[in-house]
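Structural overview
Below, each chain spelled out in residue letters.
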Amino acid sequence: MAALRLLSSGLRLGAIAGRSGGARIVPARKDCALCFSTSPRHQAKFYTDAVEAVKDIPHDATVLMGGFGICGIPENLIGALLKTQVKGLTVVSNTVGLDDFGLGLLLATKQIRRIICSYVGENALCENQYLAGELELELTPQGTLAERIRAGGAGVPAFYTSTGYGTLVQEGGAPIRYYDDGHLAVISKPREVREFHGHHYLLEEAIKGDFALVKGWKADRSGNVIFRKSARNFNVPVCKAAETTVVEVEEIVEVGSFSPEDIHVPSIYVDRLIKGEKYEKRIERLAVRQEGAGKHTSEDNLRTRIIKRAALEFEDGMYANLGIGIPLLASNFISPNMTVHLQSENGILGLGPFPVQSEVDADLINAGKQTVTVLPGASFFSSDESFAMIRGGHLGLTMLGGMQVSKYGDLANWMIPGKKVKGMGGAMDLVSSPKTRVVVTMEHCSKANEPKIVDKCTMPLTGKRCVNRIITERAVFNVHPKRGLTLTELWEGLTVDDIKKSTGCAFTVSPDLKPMQQITM
């Protein structure tokens with residue numbers, strides 16, 4: 001009632017904005033029953049020089065970086081850091097760029113001391129510095145990384161997630177830094193684990209930065225920001241999780257140019273703004289199709305055999321996430337009479353085919369950094385939203401490749417000890433929900449002719465007891481987390497004994513064993 005009396009008295013509330021501001025009450029104008037004002041201290045400061053916008057970033061600062069691969073990265077602000085020559089940075093970014101572009105430029109000048117990321121990819125410079133003990137590298141599942149950043153911006157100190165349970169992420173011991181003689185200097189710590197409703201979850205701490213460097217498409221003069229297509233990705237959560245957020249955009253427009261409902265990041269999160277001087281917008285993996293070319297091939301080989309069987313997993317109306325390689329190629333065989341909504345971890349729902357040359361867009365890529373198109377009814381969203389869909393079990397199907405699968409459905413597909421480590425990317429998140437069906441497509445044996453279906457995985461796990469079906473060029477197995485493997489389909493010309501000889505564990509044979517099915521178009 002007191003509040004109602006205050007409002008009806010004709011007083012005007014004015015918020016004194018600021019990090020620790022209070023409020024003041026001032027008399028209202030007679031022609032204004034009630035209005036609110038905001039202090040200029042909340043408004044973004046505009047810069048014309050990128051170096052000026054970042055020159056106060058100190059040595060040893062923690063810097064959050066937007067982007068996915070090299071899509072949507074703050075090119076001009078990275079270039080400004082090269083000029084300031086700041087050292088000892090801890091950089092939080094989904095990926096580490098290329099050797100000669102993006103974060104790779106800061107690695108080349110040895111301005112980065114530690115990187116927290118989900119995927120190293122093909123950056124040989126990062127790998128070499130890491131193995132030489134010059135760089136600390138903390139690999140984190142992509143969805144967990146997005147949520148840790150989102151939590152940091154939301155004031156949530158920690159949260160529980162099922163992603164990474166039963167893996168090195170939970171158990172600890174993953175190498176973070178080596179001595180220059182190759183011995184381990186720093187390893188990851190084990191996570192606290194709790195059980196909720198019969199499922200295990202590990203505790204992850206939020207990430208906050210001293211500074212965030214973000215790439216937007218447009219901003220208005222109030223500091224509101226919008227992004228373009230899949231360049232939204234990690235930029236949105238990163239924008240909210242630092243003490244000082246610096247945003248570079250391609251265009252600055254007048255207030256009112258955006259409808260309020262179209263704004264992706266409100267001005268309250270933005271401290272500094274600059275219009276980027278120039279953008280290369282390099283494409284990491286250009287993928288195109290020829291005009292009028294068919295989507296699928298009649299080529300008869302082992303790989304195509306797996307693809308044509310995998311395509312039978314799709315159902316009309318299904319929401320699915322497909323890994324790069326065989327899973328994604330299986331989408332070429334989706335019937336035109338069937339609708340399958342393909343989701344990509346970098347923030348797309350409704351993926352279409354590769355573009356023709358005239359449709360190529362650097363702001364529109366899939367999770368494999370390949371250029372793509374989208375179908376009518378598609379949507380774009382941020383990386384934290386993407387992984388909410390994934391962890392929340394809103395996908396009906398996840399299909400991905402594997403290096404090893406155990407008889408109870410453990411999956412290993414992200415790391416070969418003693419060889420190149422690319423990172424787990426989003427794979428651990430994709431297999432984390434018990435609501436989502438997980439299908440693994442892979443060759444039955446390795447190049448060394450060793451079984452990839454084994455009693456127990458010897459490689460670091462991606463997920464524990466998470467696989468529901470295995471499709472190889474020889475057979476199809478259903479997987480039960482307690483009963484193990486059941487052989488359900490067999491390639492024509494092979495026998496059960498042939499499969500036993502090439503499989504590294506025991507399995508049962510379905511009483512309804514069938515020839516291995518192939519989609520027909």
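Residues numbered from 1 in each chain as written. Predicted model: local features only at pLDDT ≥ 70, side-chain atom pairs only at ≥ 80, totals over all residues. Heavy atoms only, no water.

A closer look at the overall build of the chain
The secondary structure content of the chain amounts to 13 helices and 32 strands. Put simply, the chain has 521 residues, and 51% of those count as buried. Within the chain, residue pairs in contact and separated by at least 24 positions form 69% of the contacts whose partners lie at least 6 positions apart. A total accessible area of about 24100 Å² is found for the chain, and carbon and sulfur atoms account for 50% of it. (Helix = DSSP H or I, 4+ residues; strand = E, 2+ residues; numbered from the N terminus. Buried < 20%, exposed > 50% of the residue type's maximum accessible area, 1.4 Å probe, protein only. Contact = heavy atoms within 4.5 Å. Areas by Shrake-Rupley, 256 points an atom, 1.4 Å probe, with all protein chains shown as cover.)

Some details on unusual backbone geometry
Unlike most non-glycine residues, Lys369 shows phi in positive territory, near 65°. Looking at the secondary structure, you find Lys369 in the loop between β22 (348–351) and β23 (374–380). A residue is classified by how much of its surface remains accessible, and Lys369, at 7% relative accessible area, is buried. At Asn449, a position not held by glycine, the phi torsion is positive, near 65°. Locating Asn449 in the fold gives a position in the loop between β27 (437–441) and β28 (453–454). According to the relative accessible area criterion, Asn449 is exposed, its value standing at 57%.

So, the pairing of strand β24 (residues 397–401)
Of all five residues making up β24, four are buried, and the element is well covered by its neighbours. Sheet analysis places strand β20 (residues 319–322) next to β24, joined by three bridges and oriented parallel. Following the sheet pairing, Leu322 is matched in β24 by Met399. Note that β24 and β27 share five bridges and pair parallel. When the sheet's bridge partners are listed, Met399 is paired in β27 with Val439. (Pairing = 2+ DSSP bridges.)

A look at the packing of aromatic side chains
By the definition in use, this model includes four aromatic pairs. Look at Tyr130 and Tyr178: their rings are 5.3 Å apart centre to centre, the planes differ by 65°, and that puts the pair in the edge-to-face class. With a gap of 48 residues between them, Tyr130 in helix α5 (residues 124–131) and Tyr178 in strand β10 (residues 175–178) connect regions that are remote in the sequence. Both residues of the pair, Tyr130 and Tyr178, count as buried. Both rings, one in Phe477 and one in Phe507, keep their centres 5.3 Å apart while their planes meet at 75°; by these two values the pair is edge-to-face. Placement of the pair is Phe477 in strand β30 (residues 475–480) and Phe507 in the loop between α13 (496–502) and β32 (508–515), with a sequence separation of 30 residues. Taken individually, Phe477 and Phe507 each receive the classification buried, so the pair is uniform in this respect. The ring of Tyr279 is capped by Lys215, whose NZ or CZ atom sits 5.0 Å from the centre of that ring. The ring of Tyr408 carries Arg465 above its face, with NZ or CZ at 4.8 Å from the centroid. (Phe/Tyr/Trp six-rings, centres within 6.5 Å; stacked < 30°, edge-to-face > 60°. Lys NZ or Arg CZ within 6 Å of the ring centre and 35° of its normal.)

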